[in-house]
Amino acid sequence: MKGSGSSSEATCAVHWLQGWEDGGQLARALESWPFLPCESRSQPAAEAAAAYLDRLRRLTAGGLVMAARDSGQGMWLAGLRRMDWDSELFGFGVGRLEPLISPPGADPCLVEPGLELIGACLAHAQGAGLMHLSSRVDARDTAAQRCLQQSGFLLVDTIVVYELAVAAVAPAPGEPDVRPARGEDAVPLREIAEGCFGNRAFNLNRFNCDPAFPPGKVRELYGCWLTNSLSGQQADHVLVYQGQEGPAGFLTCKLDRASTPGGGRGQVVLNAVRADLHGRGIYGRLTRAALEWFRAQGAETVEIATQLTNPAVHRVWQRLGARMANFYHTFHVDLRNRQHGAAAGPGKTKP
Ligand SMILES: CC(C)(COP(=O)(O)OP(=O)(O)OC[C@H]1O[C@@H](n2cnc3c(N)ncnc32)[C@H](O)[C@@H]1OP(=O)(O)O)[C@@H](O)C(=O)NCCC(=O)NCCS
C-alpha cells in the first residue's frame, strides 16, 4: 500500500462498533497521531497512516473491530481483534486492543471519552468470547495508559525497539562458531527457547508475568514459536551458535521486503542462549553474524524489539550503534472475573 496514494480507509476492512463510528475521520485521526510508526522522519503522514492500517489489516485476517469517540479535543480511537494462534494455544479467547490512540495534545486528566471507549471495547470483547486482552501503547501516550489502568489493565512489560542502519556498521569477518540451523537442531533449540523464555530468572516477558497464562503453556508458546521459525513459517533464517556440546544459542531473522521494496527491512525476532552459557559473549557473536546475513540479503535496516529488562541485548545493539526507535508499554486484563456492562454502546458491529 505504500505510496499507492489511496486513502487509508480504502485499504483496511474495518468493522465499526455500532454507535462508536469515526464519522469518516479515521485517516485524519491517524495522520495527526504523534506516535504513528514511521519508516523515517521524512515519510509523509498519509503514507505512514496507510502503511500502519495495512499492517493492522494483515494482522487481522479474522476482522478488526474499531471504535471512535470525539472528545471535543480530537478523536479517541481503539481497535480490537482476536488473536487466533494465542487463543488456540492457551485454550481460551485471547485478543488485543490495538491501536489505542488518544487525541494529540489531549489533557491527560480528561480521560472520560477514552474510558467510555475502552468500556465499549471490553463489553464487545466479552460478548465475542474473548477472555483476555493485551494492549500495547506508545510509552509517551500517558492519557491512553491512564485509561487502561483505570479500566483494570495491568502493566506487564515495556518493549524497546532498536533500529540499526546496516551500512553504518563496517563489514565484519565471519563468526566461525555461528552457522545456519539444521534439522537436528530442532530439539536442542526448542529446549533453549522453552528454558529461557519460560523462566522468569532469564527473561521477563508479558506471558510469564501474567498468572492468566500457565507456565507450561508459556514454555510451549516459545517452543512452538521456535519450531515455526525453523520451518520457515515465522522466520526466513535461523542462526545457531555451535558450542562444544551442541547448539548453545540461536537467533531468528526475518525480512520484510514488502514494506520497503527498495532494500528491505530486517528483523531479529527470537533469540536466546543456553542458560548455563550466559555471559560468555555468545549473543554478541550471533548478532554480528546476523548482521552480515542481513547485509548479504540487501537489508538496509535491522530492527530488534526487546524487553527493557534485558541489559545484555541493549548493550550489544547500542555498541553496534543502533538507535532507540520506539518504546511501548504492554498492559493485560483478564476478563474472566469481570462483570459485563461497562460499556455505554449497544456493542454490535456493522461493516
Ligand atoms: C539475552 C541473552 C541472549 C544474552 O546472551 P549472552 O550470550 O549471555 O550475552 P553476551 O555474553 O554476548 O553479553 C552481551 C553483552 O551484555 C553484557 N551483559 C550480559 N549480561 C548482562 C547483565 N546482566 N547486565 C549488564 N550487562 C550484561 C555482556 O557483558 C556483554 O557486553 P560486552 O559486549 O560489553 O562484553 C541471554 O541472556 C538469554 O538467552 N536470555 C534469555 C532470553 C532472552 O532474554 N532473549 C532476548 C530476547 S530479545
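It should be emphasised that the depicted structure is a prediction, and the values quoted were computed from it without experimental measurement. (Residues numbered from 1 in each chain as written. Predicted model: local features only at pLDDT ≥ 70, side-chain atom pairs only at ≥ 80, totals over all residues. Heavy atoms only, no water.)

A. Main features of the site of the ligand. Around the ligand sit 22 residues, and of these Asn203, Asn271, Gly279, Gly281 and Arg315 come closest. Separating an oxygen atom of the ligand from a backbone N or O atom of Ile282 is a distance of 3.5 Å. Between the ligand and Gly284 there is a distance of 3.0 Å, counted from an oxygen atom to a backbone nitrogen or oxygen. Here the ligand has 940 Å² of accessible area as a free molecule, and 72% of this is covered by the chains. When contributions to the shell around the ligand are tallied by element, the ones reaching two or more residues are α7 (186–197), β10 (265–273), α9 (282–297) and α10 (311–320). It is α10 that contributes the most residues to the shell around the ligand, six residues altogether. Residue classes in the shell around the ligand are distributed as 11 nonpolar, eight polar and three charged. (Near = heavy atom within 4 Å. Polar contact = N/O pair within 3.5 Å; in protein donor to acceptor, adjacent residues only side chain to side chain. Areas by Shrake-Rupley, 256 points an atom, 1.4 Å probe, with all protein chains shown as cover. Helix = DSSP H or I, 4+ residues; strand = E, 2+ residues; numbered from the N terminus. Nonpolar A, V, L, I, M, F, W, Y, C, P; charged D, E, K, R; others polar.)

B. Molecular detail of the pairing of strand β6 (residues 154–165). Most of β6 is tucked away: nine of the 12 residues are buried. As judged from the nine bridges shared by β6 and strand β12 (residues 323–334), these two strands associate in the antiparallel manner. Bridge pairing in β12 places Glu163 opposite Arg323. In the sheet, β6 pairs with strand β11 (residues 301–307) via seven bridges, with the strands oriented antiparallel. Looking across to β11, one finds that Tyr162 is bridged to Ile304. (Buried < 20%, exposed > 50% of the residue type's maximum accessible area, 1.4 Å probe, protein only. Pairing = 2+ DSSP bridges.)

C. Just α9, in detail. Look at α9: 23 Å from first C-alpha to last across 16 residues, which is about the 22 Å you get at 1.5 Å a residue. If you check which residues of α9 are buried, you get Ile282, Tyr283, Gly284, Leu286, Thr287, Ala289, Ala290, Leu291, Trp293 and Phe294. Of the residues one or two after α9, Gly298 is the one with positive phi, at around 85°. (Expected span 1.5 Å × (residues − 1).)

D. Layout of unusual backbone geometry. Here Glu98 and Pro99 are connected by a cis peptide whose omega angle stands at 0°. Looking at where Pro99 falls in the secondary structure, it is placed in strand β4 (residues 93–101).

E. Molecular detail of the domain arrangement of the protein. Segmentation of the protein into domains returns domain 1 (8–157 + 331–350) and domain 2 (170–320). Look at where the C-alpha atoms of domain 1 and domain 2 centre, and you get two points 30 Å apart. Contacts between the two partners involve 17 residues from domain 1 and, on the opposite side, 19 residues from domain 2. Taking both partners together, domain 1 and domain 2 bury about 1,400 Å²; carbon and sulfur atoms supply 60% of that area. Per-residue buried area on domain 1 facing domain 2 is highest for Trp85, Leu89 and Phe90; these three make up 39% of the total on that side. Along the contact surface separating domain 1 from domain 2 lie zero salt bridges. (Domains from an automatic or database assignment. Contact = heavy atoms within 4.5 Å. Buried area = accessible area lost by both parts, 1.4 Å probe. Salt bridge = Lys/Arg side-chain N within 4 Å of Asp/Glu carboxyl O.)

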